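# Summary of structural features
Spelled out, the chains give:
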Amino acid sequence: MRKYMSKRQRPCDFCRARKTACRIEGAPPCRTCQLHSHECTFVESTRPRKKPLLEGHPGSDAVDGASVLAMPAATVSTPPVLLPRPGDSDSLGPHSPRNAFAIPSVPLDVAAGDESPFPSMSLQFLQDLGMDSSDYHFMFRTPRSPASNVSVAGDGTSRSVNALSLQRDTPTTTSLPLLDGHTDTKPEALGLTGDMDPYILRKYRTDNQGVFKFKQLAVYSVQEQPFPVQFLLSQPSLFGKSLEQTGHATPGEAYLRTQLEQLVPSTMGKRLISLWSKFVGAQYPIFSSAAMPDPETSPAHLLAAVYAIAVPFAMHDDKLCIDLAYDAFPYSTLSQVLNTSLAPDLHSPSLETVQTVLLLVLWPSSNPLVSDASHQWNLMGALVAAAINVGLQLDPTPWGLPTANVALRRRLSFLIYSTDRLLASSLGKPPFIDRDNWLVNALLLSDQHDSNVLDADWDCLLKLSAVTTLLDEALAKLYSLRILQSSSQIPGLSDIAMSLANHLDESYHSADHHDLSHQAGIQMSLAICDLAYHYTNLIVHRAAMRPFLDTENLSVSSDFIARAETVRQSMRDCTQGFHAFIKDLRAEDVNGVWPPWAQAAISSLCFTQLTMVSSASTYDEALDWIKRLQMTRKELRLKAKSFPILCLGLLRIDSIFWRGVDNVLHLPPHVSQAFSSLEDGT
């Protein structure tokens, strides 16, 4: 077999034209010609090597690095490194794994107004070196001279913070796409402890957009105070080799969108996007109204995720209700397209990648009787990792981005933070997000900008923000593993929990929203908000009860008994409010996507009531709690058909009664007697 970088055996004409390695096993044709059914020939003459300018040949068109740096940026015109679009005449075909990463050799001049953050650079010298460009281009990252619009201070320092912010107050066509929505860059937030020290990066001679350009990388400075923040912008072609090694090379985004078009035509896709905005967008405003998903331009994985969530609402569309009435929607095939398109983006995520993974976390389970806890939690981990990679743990307010972009990033950041807290508590797991390293953990009124969310729905989101803050405090003070290990039996924790419960109740009911329940279109927002409140209240009361559950090893005093009775009475009020919430649910009012933590949250009510039964100190108290539990079971049965999220909780509590409570739990004699008397009475 021909050596990988053989200089004695020349490559075939086709491989040399494409600047790819010519691999021949025994005799021609080579692998590339076999793959593309191309005749493997060796008839074209070898191109003469270009001699460097240092040798003194007049008229030579080769320049060295020093000459390039000395030339004005506007005069440098060399071919850029761009990705071919699937479907072009020189592409390798829609099914080739190298199609998305091939580098064209056609020289193109870049106009002065080019929006790409990368300079025009030639890869001709790679061929002269006898190296395959797709494998070795990352080794040659040479800095480019400062652009003609660079503002360089006389002392060589970077621009001041005031100048930086003033230059970005006015949105431009080039500053907007550098972080979000730019298909030619992959942004990665740089941290303070990374190898590229942000305090030295802020001294780079950036242009008037805060960008310092290398060959295939660029450093984008967005903030200098109170600490510097930069993004590393990379061309997608940089990751071609590693994507091939990990098996995530795809046939190309255009090909995948074509596959998606065959499953969901663009006309149907636009209707599904409209349904998503109507029934889901108010609860999860993860898009800007000016940048909604588009079947023609959005990534296939993002479109597939939106379609999958919106399909259950097709009955509300005059055309889709018939189009999808007789044929089952191809969820499985749609998921294959989604996963194929998403895999390479997870390798180097963008804001659209984060939106897709968040939609996957929100996607309801196909089986309401099964908990997908492990799958949901794995997705949540991927979501947090992708969000941190694109800088959503930071507050973008001082970056000088357009207002719509700032509001969108803040909404996404809060929704991820809120979902992490609520999902973690409902699944009994530690949160992924460290509160001290996540700056946007509450919404502001200004974050409503360009969200297409009504004021009433936004009020519900603000209330959800307040509930999330209290839940976060409860998880830190009452449920951290160190707290549980060191002081789980200290009665003082009960006082902390009751204080949090009172604070939660005051903050949530400070602005009365009962009138909102009669306004059309916001019932789902209000239901999610109320569920989060009742569940958080239940979690806090469970922590308050913890010191009083095991009294065998504690010295029981009159003060201890009085405190326990106060907490138990508060728990009665808490569970009664949760039960009333379930009882008031009406299918005609609630039509939307329930959050991924809703199933476990509702199931928690039944098991909390069962805990109160088993810990009752008297026969009468046990009987009272058993009746409350039976009322909750009855309500779940009545509502389960209309609300699938109730099915898991009903199934789990019914399974205990199916086996027999005495056969499952160790119960005190008076509690067993209460169960027996109730059964005899019925």
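The structure reproduced in this document is the subject of the present report. Fair warning: this is a prediction, and the values are worked out from it, not measured in the lab.

Reading the values: rules and limits
For every chain, the first residue of the written sequence is number 1, and numbering continues from 1 onward in sequence order. Since the coordinates come from a predicted model, pLDDT governs what is reported: local features require at least 70, and pairs of side-chain atoms require 80 or more to be given and counted, while whole-chain, interface and lining totals use all residues. Hydrogens and water are ignored here; the side-chain numbers use all heavy atoms of the structure. Secondary structure is summarised from DSSP: a helix means a run of H or I of at least four residues, a strand means a run of E of at least two, and numbering begins at the N terminus for each. Buried means the residue's accessible area, taken with a 1.4 Å probe over protein chains only, is under 20% of the maximum for its type, while exposed means over 50%, and partly exposed covers the values in between. Residue contacts are counted whenever heavy atoms from the two residues lie within 4.5 Å of one another. Salt bridges, as used here, are contacts in which a Lys or Arg side-chain nitrogen is within 4 Å of a carboxyl oxygen on Asp or Glu. Put simply, buried Ala, Val, Leu, Ile, Met, Phe, Trp, Tyr and Cys residues joined by side-chain atoms within 4.5 Å make one nonpolar core. For two strands to be treated as a pair, DSSP must find no fewer than two bridges joining them. As a rule, the C-alpha atoms of each element are fitted with a line to give its axis, helices using only the stretch in contact, and angles between N-to-C directions run from 0 to 180 degrees. In a left-handed crossing the near helix is turned counterclockwise from the far helix by less than a right angle, and in a right-handed crossing that turn is clockwise. Stacked, edge-to-face and tilted are the three classes for Phe, Tyr and Trp ring pairs, Trp counted by its six-membered ring, which pair at centre distances within 6.5 Å; planes under 30 degrees apart are stacked, over 60 edge-to-face, the rest tilted.

So, on to the overall build of the chain. In terms of regular secondary structure, the chain is built from 26 helices and four strands. Counting over 682 residues, the chain shows a buried share of 50%. Long-range contacts, defined as pairs at least 24 residues apart, comprise 72% of the intrachain contacts of the chain with a sequence gap of at least 6.

Pairs can form between side chains of opposite charge once their charged atoms are near each other. Per the stated rule, a full pass over the model turns up 20 salt bridges. One salt bridge connects Arg409 with Asp180, and the closest N-O pair in it is separated by 3.1 Å. Placement of Arg409 in helix H16 (residues 403–427) and of Asp180 in the loop between helix H6 (161–168) and strand S1 (186–190) is noted, with a sequence separation of 229 residues between them. When sorted by exposure, Arg409 lands in the same class as Asp180, which is buried. For Asp654, the salt bridge goes to Arg633, with nearest N and O atoms at 2.8 Å. One end of the pair, Asp654, is in helix H24 (residues 647–659); the other, Arg633, is in helix H23 (residues 619–639), and 21 residues separate them in sequence. Taken together, the salt bridges that share partners define one network made up of Glu565, Arg568, Arg572, Glu621, Asp624 and Arg628.

This part takes up the nonpolar core. Ranked by size, the top nonpolar core spans 139 residues in total, and within it Leu272, Trp276, Ile286, Leu359, Ile416 and Trp594 carry the most contacts. Counting residues per element, this core draws most heavily on helix H20 (residues 523–545), at 15 residues. Residues Leu179, Ala189, Trp399 and Val406 belong to the second largest nonpolar core, which totals 14 residues.

To continue, consider the pairing of strand S4 (residues 229–234). With six of its six residues buried, S4 lies for the most part within the structure. Every second residue of S4 is oriented toward a common face, with Val229, Phe231 and Leu233 on one face and Gln230, Leu232 and Ser234 on the other, all of them buried. The sheet contact formed by S1 and S4 spans five bridges and is antiparallel. When the sheet's bridge partners are listed, Lys186 is paired in S4 with Ser234. Hairpin connection from strand S3 (residues 217–223) to S4: five residues lie between these consecutive antiparallel strands.

When two helices pack together, their arrangement is captured by the angle between the axes and the distance separating the axes. Between H20 and helix H22 (residues 598–614), whose axes approach to 10 Å, the crossing angle comes to 35°. As for how H20 packs across H22, the hand of that crossing is left-handed. Mapping the contact onto sequence places Leu531, Tyr535, Leu538, Arg542 and Met545 in H20 and Ala598, Ala601, Ile602, Ser604, Leu605, Thr608 and Met612 in H22.

Here the focus is the packing of aromatic side chains. On inspection of all chains with the given rule, the structure shows 13 aromatic pairs. An angle of 65° between the planes, with centres 5.2 Å apart, marks the rings of Tyr204 and Phe212 as edge-to-face. The class for Tyr204 is partly exposed, based on a relative accessible area of 25%. Relative accessible area serves as the criterion here: at 15%, Phe212 is assigned to the buried category. Relative to Tyr533, the ring of Tyr508 lies with its centre 4.3 Å away and its plane at 5°, an arrangement referred to as stacked. You can see Tyr508 sitting in helix H19 (residues 492–508) and its partner Tyr533 sitting in helix H20, a full 25 residues away along the chain. Each member of the pair, Tyr508 together with Tyr533, is buried. Three or more aromatic residues joined by ring pairs form one cluster here, namely Tyr204, Phe212 and Phe214.

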